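Report on the structure
In case you want the letters, here they are:
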Amino acid sequence: MITLFMLVPIALAGYLSFTDWDGLTPNPQGVGWANYSRLLHDADVGHAAVVTLIVTVVGTIACNAAGLGLALLLNRTSRLTAVLRAVVFYPYVIGPIIIGFLWSAILGANGAIAHLLGNAGHSPLPFLSDPAWAVGSIVAVVVWSQFGVNVVLYLAGLQTVPASLHEAAHIDGAGRWQTFRSVTWPLLAPSVTVNLVLVLVGLLRVYEIVLALTGGGPAGRTNTFAFLILSESFRSNHLGYGAAQAITLMVVIAALALGLTALRRRAEDAVSS
Amino acid sequence: MRLFKTVLLTLAALVMLIPGYLLVVNAFKGQDDILRSPFGIPFGRLTLEHLNAALSNPDFSLVRAYVVTALFALAVNVLSLAVSAPAAYVIARGTRLRHRALLGLFLLGLFIPSQVLVIPVIYVLKYLGLMGTVGGFLLYETTLTLPVSMFLYVAYIKTLPRELDEAARMDGAGPIVTFWRVILPLMRPAVATAVVLHTIGVWTDFVNPQIILGPGSSLYTVTTSVYAAIGRYSTDFTVVYPNLLMAVAPVLVFFVFLQRNIVSGLTAGATKG
């Protein structure tokens with residue numbers, strides 16, 4: 001099954017990306033590198049790449065900063081911290097499509113936030129209707145929905161830091177910040193790697209939240225790369241072109257994930273040596 | 001410091017919980033009440049009318065979608081277990097290079113974005129005559145679960161002592177009987193973890209049912225039926241909020257009872273690699 005639905009498809013995606021397949025005809029015609037050269041000159045693709053880059057970079061940093069910060073605050077076992085952990089984590093089980101719709105009802109023209117602003121005598125803010133605001137809204141909603149997973153993973157990482165080391169640092173007269181800087185942080189290195197790579201790979205394929213929150217709008221200004229692949233190639237039946245975009249995305253994801261892992265490995269080695 | 005911490009945690013909890021609060025409260029209100037006071041609870045005018053309407057929508061019956069999605073989740077879990085548990089047993093007990101290569105092959109699947117796969121998978125499914133069918137959807141959805149299953153099962157079986165296998169062989173059991181009567185019953189915790197993760201995965205999946213089953217077929221899962229129901233009425237909050245609430249209610253119940261398993265499953269999946 002892995003062969004049938006993963007390996008064969010990847011090879012096929014490579015093949016289809018050199019064709020003009022429209023999803024209907026059984027025999028696509030080869031078009032050489034045309035799809036790829038079109039991709040390079042396609043303004044929509046360029047814009048989607050920029051949006052994806054913004055969402056990924058800002059989102060990865062924000063998810064990890066918020067995730068680690070909250071994990072440090074919640075790192076002890078009590079009933080309250082267990083409840084709070086569940087509170088930050090619940091969006092994971094709701095799923096991105098529902099989250100997108102919920103936030104679009106909250107941020108939209110007649111939504112709850114517009115109502116609050118109105119009560120304060122402020123005119124509504126264009127959360128979803130202005131391109132720059134909409135990208136910001138997407139980043140915020142993505143971080144809202146995903147950083148709970150990082151909190152959970154960082155908490156698991158913090159469990160592996162032995163309490164005796166903290167006591168030793170305390171006895172040596174280290175303050176909180178110093179203890180974190182020279183004991184906790186280095187020992188968390190593997191956790192940081194896992195979290196960075198997971199968020200990065202996840203954010204590069206953000207699709208459902210965009211679909212439900214802005215629908216790519218206004219006027220395609222919030223298309224992410226994954227959104228472009230799925231929506232545009234199916235709407236216009238240019239699946240060969242979509243395959244070329246998909247292959248490009250896969251190469252970028254693989255390169256970034258491997259690059260980041262290699263970079264982080266040096267940080268991890270610095271601890272163990 | 002302590003005050004700062006309390007303020008920070010309270011703020012985080014509020015940011016996480018307010019969307020959930022709006023989701024629940026507004027599902028019981030009329031359009032006027034939602035627009036006039038999205039945060040308020042008009043005790044005199046709470047109504048079940050709109051929830052009922054969402055449940056009994058003649059076009060996209062949510063009750064039917066519950067049943068369909070639950071059956072899909074069940075089928076995917078059974079198929080996934082049937083394929084991956086025996087394979088994981090062979091790989092975990094194998095010592096040869098080909099066993100490790102096989103495991104590597106499965107784990108590769110963890111890093112391939114499903115958007116890259118879906119276009120060529122359509123091609124494969126069309127070729128097999130399974131496009132737009134439940135069988136095709138289940139096969140693909142099951143394949144997507146295999147990397148995580150394999151990963152969890154192989155890691156778990158490796159912790160079971162080999163002496164168990166030898167003892168069974170002494171008693172005259174072949175490898176199949178050993179697996180069925182000795183190993184599989186011991187794998188229960190790992191299976192529980194996988195089932196929880198895959199059930200959430202199937203329940204929240206939107207892209208694959210939407211594309212493979214297609215809006216043309218009359219089979220809707222919870223996510224695709226909510227998408228279809230809301231799509232046309234996204235400014236009518238008496239459609240939006242009740243539909244969203246009914247879509248997440250079952251998973252939230254699931255979450256409250258199985259929170260610990262979900263968290264430990266995620267942690268195991270992400271950190272043992």
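Cut-offs used in this document
Numbering of residues starts from 1 in every chain and runs along the sequence as written. Key to labels: chains lettered from A, ligands numbered from 1, both in the order written. pLDDT decides what is reported in this predicted model: residues at 70 or higher carry local features, side-chain atom pairs at 80 or more are listed and counted, and totals for whole chains, interfaces and linings draw on all residues regardless. Side-chain figures throughout are based on the complete set of non-hydrogen atoms in the structure, without hydrogens or water. A helix here means a DSSP run of H or I that spans at least four residues, while a strand means a run of E at least two residues long, and both kinds are numbered starting from the N terminus. The contact rule is simple, with two residues in contact once any of their heavy atoms fall within 4.5 Å. Using a 1.4 Å probe, the Shrake-Rupley method yields the accessible areas, and only the shown protein chains count as cover for residues. By definition, the buried area sums, over both parts, the 1.4 Å-probe accessible area that each loses when the two are put together. By convention in these notes, a salt bridge is any Lys or Arg side-chain nitrogen within 4 Å of a carboxyl oxygen on Asp or Glu. Polar contact is defined as a pair of N or O atoms within 3.5 Å, subject to the rule that within protein one atom must be able to donate a hydrogen and the other to accept it, and that residues adjacent in sequence are counted only when both atoms are side-chain atoms. Three residue categories are used. Nonpolar comprises Ala, Val, Leu, Ile, Met, Phe, Trp, Tyr, Cys and Pro, charged comprises Asp, Glu, Lys and Arg, and polar comprises the others, including Gly. UniProt positions are given in the numbering used here, feature names are shortened, and annotations may be inferred rather than shown by experiment. Only C-alpha atoms enter the line fits that serve as axes; for helices the fit covers just the stretch in contact. Angles between N-to-C directions range over 0 to 180 degrees. By definition in this entry, angles of less than 35 degrees are roughly parallel, angles greater than 145 are roughly antiparallel, angles of 65 to 115 are roughly perpendicular, and the rest are oblique. One confidence number per residue, pLDDT, is output by the predictor and ranges from 0 to 100. Like-charged residues are merged into a patch within 9 Å and nonpolar side chains (Val, Leu, Ile, Met, Phe, Trp, Tyr) within 5 Å, provided each residue has over 30% relative accessible area and no salt bridge. Each domain's limits were defined by an automated method or a database of domain assignments. Stacked, tilted and edge-to-face pairs are distinguished by plane angle, under 30 degrees for stacked and over 60 for edge-to-face with tilted covering the rest, among Phe, Tyr and Trp rings (Trp via its six-membered ring) whose centres lie within 6.5 Å. Note on exposure labels: buried denotes an accessible area under 20% of the residue type's maximum, exposed denotes more than 50%, and partly exposed covers the range between, all computed with a 1.4 Å probe on protein chains only.

1. Side note on the overall build of chain B
Looking only at helices and strands, one finds 13 helices and zero strands in chain B. Put simply, chain B runs from its N terminus to its C terminus through helices and strands in the order α-α-α-α-α-α-α-α-α-α-α-α-α. Each principal axis of the C-alpha atoms in chain B carries an extent, and together these give about 75 × 60 × 35 Å. Of the contacts formed within chain B by residues at least 6 apart in sequence, a portion of 71% connects residues at least 24 apart. Just so you have it, chain B exposes about 13100 Å², and 68% of that area is on carbon and sulfur atoms.

2. Things to note about the overall build of chain A
Within chain A one finds 14 helices and zero strands. Walking chain A from its N terminus toward its C terminus, one meets helices and strands in the order α-α-α-α-α-α-α-α-α-α-α-α-α-α.

3. Observations regarding the interface of chain A and chain B
Accessible area lost upon the coming together of the parts serves often as the stated size of an interface. If you look at the interface, chain A gives 71 residues, while chain B gives 72 residues. Of the roughly 6500 Å² buried where chain A meets chain B, counting both sides, 83% is carbon and sulfur surface. Across the contact surface, chain A and chain B share zero salt bridges. Counting the contacts that link chain A with chain B gives three residue pairs in polar contact (both at pLDDT 80 or more). In terms of residue count, helix 1 (residues 2–16) of chain A provides more of the side of chain A that touches chain B than any other element does, 12 residues in total. For the side of chain A that touches chain B, the class distribution of residues is 59 nonpolar, seven polar and five charged.

4. Comments concerning the UniProt feature "transmembrane region" (unreviewed entry) in chain B
Residues and elements named next belong to chain B. According to UniProt, the feature "transmembrane region" (unreviewed entry) maps to residues 65–90, 102–125, 137–157, 178–200 and 239–258 in the numbering used here. Regarding residues 178–200, the helix share stands at 96% and the strand share at 0%, and the terminal C-alpha atoms are separated by 31 Å. Across residues 239–258 one finds 100% helix and 0% strand; the C-alpha atoms that close the span lie 29 Å apart.

5. Concerning the environment of A:Asn75
Residues and elements named next belong to chain A. Following the sequence through the fold, Asn75 ends up in the loop between helix 3 (43–73) and helix 4 (79–89). Sequence-wise, Asn75 and Val194 are 119 residues apart; in three dimensions their C-alpha atoms are separated by 19 Å. Those residues in contact with Asn75 that lie beyond four places of it in its chain are Leu155, Leu158 and Gln159. A distance of 3.4 Å separates polar atoms of two side chains, one belonging to Asn75 and the other to Gln159.

6. Details of the packing of helix 4 (residues 62–93) of chain B against helix 9 (residues 175–186) of chain B
All names here are of chain B. Relative to each other, helix 4 and helix 9 sit at 100 degrees, their axes nearing to 11 Å. The orientation of helix 4 with respect to helix 9, classified from their angle, is roughly perpendicular. Note on element contacts: helix 9 touches helix 4 through Pro175, Thr178, Phe179, Ile183 and Leu184, opposite Ala85, Pro86, Tyr89 and Arg93. Classifying every residue of the contact of helix 4 with helix 9 gives seven nonpolar, one polar and one charged.

7. Overview of the confidence of the model for chain B
Overall, the predicted model of chain B reaches an average pLDDT of 82, with 96% of residues at or above 70. When pLDDT is averaged over each helix and strand of chain B, the minimum, 77, is found for helix 6 (residues 114–128) of chain B and the maximum, 89, for helix 4 of chain B.

8. Some remarks on a nonpolar patch on the surface
Taken together, A:Val50, A:Leu53, A:Ile54, A:Val57, A:Val58 and A:Ile61 make up a surface patch of nonpolar side chains, about 520 Å² in accessible area. Locating A:Val50 in the fold gives a position in helix 3.

9. Let's talk about the domain arrangement of chain B
Residues and elements named next belong to chain B. For chain B, the assigned domains read domain 1 (2–47) and domain 2 (54–271). Summarising the inter-unit geometry, the C-alpha centres of domain 1 and domain 2 are found 33 Å apart. On the side of domain 2, nine residues touch domain 1, which itself brings 11 residues to the contact. Summing both sides of the interface, domain 1 and domain 2 together bury roughly 750 Å²; the carbon and sulfur share of this comes to 79%. Among the residues domain 1 hides against domain 2, the three largest losses belong to Leu23, Ala27 and Gln31. Together they make up 61% of the total. Those elements that provide at least two residues to the side of domain 1 that touches domain 2 are helix 1 (2–26) and helix 2 (31–36). With four residues, helix 1 is the single largest residue contributor to the side of domain 1 that touches domain 2. Along the lines of polarity and charge, the residues of the side of domain 1 that touches domain 2 split into seven nonpolar, three polar and one charged.

10. A look at the UniProt feature "transmembrane region" (unreviewed entry) in chain A
All names here are of chain A. Those residues carrying the UniProt feature "transmembrane region" (unreviewed entry) are residues 48–74, 86–113, 133–156, 185–207 and 243–263 in this numbering. In this annotation, residues 133–156 is assigned 100% helix and 0% strand; the end-to-end C-alpha distance for the span is 35 Å. The span residues 185–207 shows a helical share of 83% and a strand share of 0%, and its end C-alpha atoms are spaced 33 Å apart.

11. Re the packing of aromatic side chains
All names here are of chain A. Enumeration according to the criterion identifies 13 aromatic pairs over all chains in this entry. When the centroid spacing of 5.3 Å and the interplanar angle of 75 degrees are considered together, the rings of Trp103 and Trp144 count as edge-to-face. Residue Trp103 is located in helix 6 (residues 96–107), and its partner Trp144 is located in helix 8 (residues 131–159); the two are separated by 41 residues in the primary sequence. Owing to a relative accessible area of 13%, Trp103 belongs among the buried residues under this scheme.

12. Regarding the side chain of A:Ser137
Residues and elements named next belong to chain A. Mapped onto the secondary structure, Ser137 falls in helix 8. The exposure class assigned to Ser137 is buried, which follows from its relative accessible area of 5%. Excluding residues within four positions of it along the chain, Ser137 makes contact with Leu107, Phe127, Leu128 and Leu213.

13. Concerning the environment of A:Asp172
Mapped onto the secondary structure, A:Asp172 falls in the loop between helix 9 (163–171) and helix 10 (176–187). Assessed through its relative accessible area of 67%, A:Asp172 is described here as exposed.

14. Section: the environment of B:Phe257
Residue and element names in this part refer to chain B. Within the secondary structure, Phe257 sits in helix 13 (residues 237–271). Classification of Phe257 by relative accessible area gives exposed; the value is 68%. Separated by 74 residues in sequence, Phe257 and Ile183 have C-alpha atoms that sit 27 Å apart.

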